[in-house]
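Below, each chain spelled out in residue letters.
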Amino acid sequence: MLVPQAVLSQARHNPSLAQALHSHLIKCGLHDRHPYSASLIDSYAKSRLPHHALRLFLSLPPPPHPVAWSSALSACNLSSNPRLSLSLSLPILRSYPTLPDHFVFATLFNSFASLAPLHLSLAKQLHARFLFSPFSHDDVVKSSLVDMYSKFSLPLCARAVFDSISSFNKASWTAMISGYARNGFKNEALKLFRVAPNRDLFAWTALISGLVQSGNGVDALQLFVKMLREGIEILDPLVLSSVVGACANCALLELGKQVHCLVIGLGFESCVFVSNALVDMYAKCSDLDAAKGVFLGILRKDVVSWTSIIVGSAQHGRAEEALALYDGMVSAGVKPNEVTFVGLMYACSHVGLVGKGRELFRSMVEDHGIRPSLQHYTCLLDLFSRSGHLEEAENLVRTMPVAPDEPTWAALLSACKHHGNAKMAIRIADNLLSLKPEEASSYILLSNVYAGAGMWENVSKVRKMMMLMDVKKEPGYSCIELGKESYVFYAGETSHLMKDEIAALMRKLDEEVRKRGYVPDTSSVLHDMDQQEKERQLFWHSERLALAYGLLKSVPGTIIRIVKNLRVCGDCHTVLKLISTITSREIYVRDTTRYHHFKEGRCSCNDFW
DNA sequence: TTAGGGTTAG
């Protein structure tokens, strides 16, 4: 043999040896013969030289050997562009329909999984071809199918394949647990996890991460504690990045800090995935200084590191900082992605930088080749409408190449209301009404617009629709963290142990805000009741209860952080601004759509949310 | 040569 097997295997993780071997094989005239060509492709793939691997593969005479083909596909999957897998494979599949072996099938399903939700129809066609192939009983291929259907958000299809697997393998169990958990099938995920033959770190991570992704952060955190109690050793940091994410989603700053300590204790602070999650967690928990501290400590900042701090700064109304960070990102040679531009345009819309936002949108498309999504158009629309360019915003929503959804119309409607353009508001409200929204907040917005225009028939129509569609206004609650404990207050709640002190402070503050010209704005109260009752409802909104409790219990001068499950209403927003002046306290409120930073009578959202 | 768990928007 001209090339010993040892050399071939050494070249797998050694780029220069792979290239030297390639030269040698060209001299021997063997570079395009199997198995040498396949080994070379594999070496290039594993040496992280995917383009070398693909160039060699494409130079081979047809039909390709399946080993060379699957090695080339591995190169595609390892590269940052898994779409290459399809462009490479579709012509081969058309010309040689029976050529794929089990290795090719498994690697191709892996490619489809990483491209989901795109190309589902092609993926299903390939699944059909696999079923009619001589490899249809291969369990490794079936495991890749379980993972693929999970990533296509089709856990029932994944389960059907999973049930056809003949012998146990860890990969299929992990993929199925993850598939259930991430797609909102919490009970099925837990049930499968309980009977799993091997509950290793992979299975725990699949379950915990999946629950975080489907919005079950509290369940995920409880399971993480259980995992620690069961003595599962945290050998790699993957589960930690998800746990940090759970703290971020639930806005649990103190717990987030404890997990940060655990990350340091276990020696994973240099892992960029975990650091990125920490940056996001601190930003989402309203501690932007801590987020910056973690960000500055990341040695090799990637696009997610930069984007996390840009988005965090933007959400806290620090537009100039977000834009300066973007300049830093460009100088550091890190290419922005579609999420970066969402953050940047969000920053611009908050301070009315219309020209800059428009320029960023152009640059995203022309300089970075990013196709704008509905969310980018919604950002652009927000930018126009917030700064009063309502006609341009409406024109955009009617001409953009993607269909507007309920939040898009709601954003425009909110801007019309803010700028007092009743005529356009009614036009937009009619569009929103025709979409039959499911969100209670949209109905309230609609009802307010019609009520403002004196269109009582439509007000009643909106309320009837709410009843017909069984849309109920979710009970409002606010959460406040004090020390290591957090407290939840529901709107109108009067059962708290300190209810008398809370009510007394609220009355005192009410007197103070009225002295400063506050007049209750009851437009967000839907029910037919007299003015006094409407004002009473506002008075007991959950964020006010949480704030009063925070003022009573926290260390004077410290920041008060509140998280609310609904949007802050206009009236509470006015009151919170005034209270920040009266008490000389900074108040952060994270609601469902915005971050509000109340300080000295102003809010970082510029009264627009 | 093929299969499983991780971070940024919404």
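Residues numbered from 1 in each chain as written. Chains lettered and ligands numbered in written order. Predicted model: local features only at pLDDT ≥ 70, side-chain atom pairs only at ≥ 80, totals over all residues. Heavy atoms only, no water.

A short note on the sheet that holds strand β5 (residues 595-599)
Applied cut-off: Between any two strands, at least two bridges found by DSSP are needed for them to pair. Only DSSP runs of H or I covering at least 4 residues are called helices, and only runs of E covering at least 2 are called strands; the numbering of each starts at the N terminus.
Strand order in this open sheet of 6 strands is β2-β1-β3-β4-β5-β6, and the pairing throughout is mixed. Every other strand in the sheet has two partners, leaving β2 (485-490) and β6 (602-603) as the edge strands with one partner each. Note: strand β1 (residues 477-482) against β2, 6 bridges, orientation antiparallel. What sits directly across from C479, in β2, is V488.

Digging into the domain arrangement of chain A
Counted only if it meets this: Domains are outlined according to an automatic or database domain assignment.
Entries for chain A in the domain assignment read domain 1 (408-468) and domain 2 (478-603). Relative to domain 2, the C-alpha centre of domain 1 lies at a distance of 26 Å.

Side note on the packing of aromatic side chains
Spelled out, the test is: Between the rings of Phe, Tyr and Trp (Trp by its six-membered ring), a pair exists once the centres lie within 6.5 Å; its type follows the angle of the planes, with under 30 degrees stacked, over 60 edge-to-face, and the other angles tilted. Burial here depends on accessible area, computed with a 1.4 Å probe over protein chains only, as a share of the maximum for the residue type. Under 20% is buried, over 50% is exposed, and the range in between is partly exposed. Comment: the charge-over-ring label is applied if NZ (Lys) or CZ (Arg) is within 6 Å of the ring centre and within 35 degrees of the ring normal.
The tally for this structure, following the rule as stated, stands at 14 aromatic pairs. With a centroid separation of 5.2 Å and an interplanar angle of 80°, the aromatic rings of F162 and W173 are classed as edge-to-face. Residue F162 is found in helix α10 (residues 155-163), and its partner W173 is found in helix α11 (residues 170-182); the two are separated by 11 residues along the sequence. With respect to class, F162 is no different from W173; both count as buried. Their ring planes at 75° and their centres at 5.0 Å tell us that F295 and W306 sit as a pair that is edge-to-face. Linking F295 in helix α18 (residues 288-297) with W306 in helix α19 (residues 303-315), this pair joins segments that are 11 residues apart in sequence. With respect to class, F295 is no different from W306; both count as buried. Across from the ring centre of F295, 5.3 Å away, lies the NZ or CZ of K301, which sits over that ring.

Re the pattern of salt bridges
The condition that has to hold: Counted as salt bridges are all cases of a side-chain nitrogen of Lys or Arg within 4 Å of a carboxyl oxygen of Asp or Glu.
On inspection of all chains with the given rule, the structure shows 21 salt bridges. The partner of R398 in a salt bridge is E394, with the nearest N and O atoms 2.8 Å apart. Of this pair, R398 and E394 both sit in helix α24 (residues 390-399), 4 residues apart, roughly one helical turn. Residue classification places E394 among the buried positions, given a relative accessible area of 6%. A salt bridge links R516 to E512, with the shortest nitrogen-to-oxygen separation between them at 3.3 Å. A relative accessible area of 44% means that R516 is categorised as partly exposed. Residue classification places E512 among the partly exposed positions, given a relative accessible area of 21%. Overlapping salt bridges, with partners in common, bring together E359, R362, E366 and D367 in one network.

Here we look at a nonpolar patch on the surface
Which entries qualify depends on this criterion: Residues enter patches when their relative accessible area tops 30% and they take part in no salt bridge; the joining distance is 9 Å for like charges and 5 Å for the nonpolar side chains Val, Leu, Ile, Met, Phe, Trp and Tyr. In these tables, accessible area is a Shrake-Rupley quantity obtained with a 1.4 Å probe, and a residue counts as shielded only by the protein chains included in the view.
Residues Y477, V488 and Y490 make up a contiguous nonpolar surface patch of about 250 Å² in total accessible area. Mapped onto the elements of the fold, V488 is located in strand β2. The class of V488 is partly exposed, set by a relative accessible area of 39%.

Re the UniProt feature "repeat: PPR" (unreviewed entry) in chain A
Counted only if it meets this: UniProt positions are given in the numbering used here, feature names are shortened, and annotations may be inferred rather than shown by experiment.
The positions UniProt marks with the feature "repeat: PPR" (unreviewed entry) are residues 169-199, 200-234, 302-336, 337-372 and 373-407. As annotated, residues 169-199 comprises 74% helix and 0% strand, and the C-alpha atoms at either end are separated by 12 Å. For residues 337-372, the end-to-end C-alpha separation is 11 Å, with 75% helix and 0% strand making up the annotated structure.

Overview of helix α6 (residues 83-95)
Here is the rule we go by: Axes are fitted to the seven residues ending at a residue and to the seven starting at it; the angle between these axes is taken as the bend at that residue. Every residue pair with non-hydrogen atoms within 4.5 Å of one another is taken to be in contact.
Maximum bend of α6: about 30°, positioned at S89, with proline P91 one to four residues after it. Buried residues of α6: S85, L86, L88, S89, I92 and L93, and no others. Check the buried side of α6 and you find it contacts α4 (50-59), α5 (66-78), α7 (102-115) and α8 (120-131).

Structural notes on the layout of surface pockets
As a reminder, the rule being used: Of the two site types, the cavity is a set of points on a 1 Å grid over the protein atoms alone where a 1.4 Å probe fits but cannot get out, and the pocket is an open set with protein on both sides within 12 Å along at least five of seven lines, each lined by residues with an atom within 4 Å of a point. Grid points are joined across faces, edges and corners, and a volume is the space filled by probe spheres set on the points. Residues are grouped as follows: nonpolar covers Ala, Val, Leu, Ile, Met, Phe, Trp, Tyr, Cys and Pro; charged covers Asp, Glu, Lys and Arg; every other residue, Gly included, is treated as polar.
Taken as a whole, the second largest pocket holds about 830 Å³ of empty space. Taken together, 27 residues make up the lining of the second largest pocket; nearest its centre are S209, L238, S241, S242 and F273. Looking at the lining of the second largest pocket, the elements with two or more residues in it are α11, α13 (201-213), α15 (238-250), α17 (272-284) and α19. Split into classes, the residues belonging to the lining of the second largest pocket amount to 11 nonpolar, 12 polar and 4 charged.

Things to note about the pairing of strand β3 (residues 560-564)
For clarity, the cut-off: If the strands point away from the viewer and the path from the first strand over the helix to the second runs clockwise, then the crossover is right-handed.
Residue alternation in β3 divides its side chains into a buried set, I560, I562 and K564, and an unburied set, R561 and V563. In this structure, β1 lies alongside β3, joined through 3 bridges in antiparallel fashion. Paired with C479 across the two strands is V563, which belongs to β3. Pairing of β3 with strand β4 (residues 587-590) involves 4 bridges; the strand directions are parallel. Bridging from a neighbouring strand, I560 pairs with I587 of β4. As for the winding sense of the linkage, the β-α-β connection from β3 through helix α32 (residues 570-583) to β4 is right-handed.

Examining the side chain of T340
With respect to the helices, strands and loops of the structure, T340 is situated in helix α21 (residues 338-351). For T340, the residues in contact, after removing those within four places along its chain, are V303, T307, I310, Y326 and M329.

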